[in-house]
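Topology and contacts: notes
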Amino acid sequence: MKENHMIKITGLIRNLNSFMFMISVGLLILVSASCDKDNTKDKARLSIRMTDAPASYEAVLIDLQAVEVTGDDGSTVLLNTNAGIYNLLNFSNGLDTLIATGDLNAGKISQIRLILGPN
């Protein structure tokens, strides 16, 4: 009887780990960015959109609170974010949504960080 429970618990943990891995990889793939450089001010306008690939889930909800960008020089900018709870599956098959915009120093981006809330 104990072995049966252990098998069920192990299976649940494995499924949860697989799901969390898919979400983590998905978030890395989901974010696409475009940048327009303004040569007169040496600033760049950054727009970040979110999209997803189709999946066999009923819903994948994230509570987006903020988007933070770190440049290759170490400077960090908190973008103007369209905060809210998003169902990632609403943005598949070529659909996307604008989640953040902002101006930052022209150059390379080393990190884009999605700050998620408790929901």
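It should be emphasised that the depicted structure is a prediction, and the values quoted were computed from it without experimental measurement. (Residues numbered from 1 in each chain as written. Predicted model: local features only at pLDDT ≥ 70, side-chain atom pairs only at ≥ 80, totals over all residues. Heavy atoms only, no water.)

Turning to the pattern of salt bridges, a few remarks are in order. Within this structure, the stated rule accounts for three salt bridges. Among the salt bridges present, the one from arginine 45 reaches aspartate 103, with a minimum N-O distance of 3.3 Å. Remark: aspartate 103 occurs in strand β7 (residues 97-105) and arginine 45 occurs in strand β2 (residues 43-50); sequence separation between them is 58 residues. Residue classification places aspartate 103 among the partly exposed residues on the basis of a relative accessible area of 46%. (Salt bridge = Lys/Arg side-chain N within 4 Å of Asp/Glu carboxyl O. Helix = DSSP H or I, 4+ residues; strand = E, 2+ residues; numbered from the N terminus. Buried < 20%, exposed > 50% of the residue type's maximum accessible area, 1.4 Å probe, protein only.)

Attention now moves to the nonpolar core. Looking at soluble globular proteins, one finds that nonpolar side chains tend to be buried together. Of all hydrophobic cores here, the largest spans 17 residues; its most connected members are Ile48, Val67, Leu79, Tyr86 and Ile99. The set of elements that each furnish at least two residues to this core consists of β2, β3 (61-71) and β7. It is β3 that contributes the most residues to this core, four residues altogether. When residues no more than four places from it in sequence are discounted, the contact partners of valine 67 are Ile48, Val77, Leu78, Leu79, Thr81, Ile99, Ala100, Ile112, Arg113 and Leu114. (Core = buried A, V, L, I, M, F, W, Y, C linked by side-chain atoms within 4.5 Å. Contact = heavy atoms within 4.5 Å.)

Our next topic: the pairing of β3. A large share of β3 lies buried, amounting to eight of its 11 residues. Bridge count for β3 against strand β6 (residues 84-87) is four bridges, and the pairing is antiparallel. Across the sheet, residue isoleucine 62 finds its bridge partner in β6, namely tyrosine 86. As paired strands, β3 and strand β8 (residues 109-116) are joined by seven bridges and run antiparallel to one another. Each residue of the ladder has a partner; that of glutamate 68, found in β8, is arginine 113. With three bridges connecting them, β3 and strand β4 (residues 76-78) associate as antiparallel partners. Counterpart to glutamate 68 in the pairing with β4 is leucine 78. (Pairing = 2+ DSSP bridges.)

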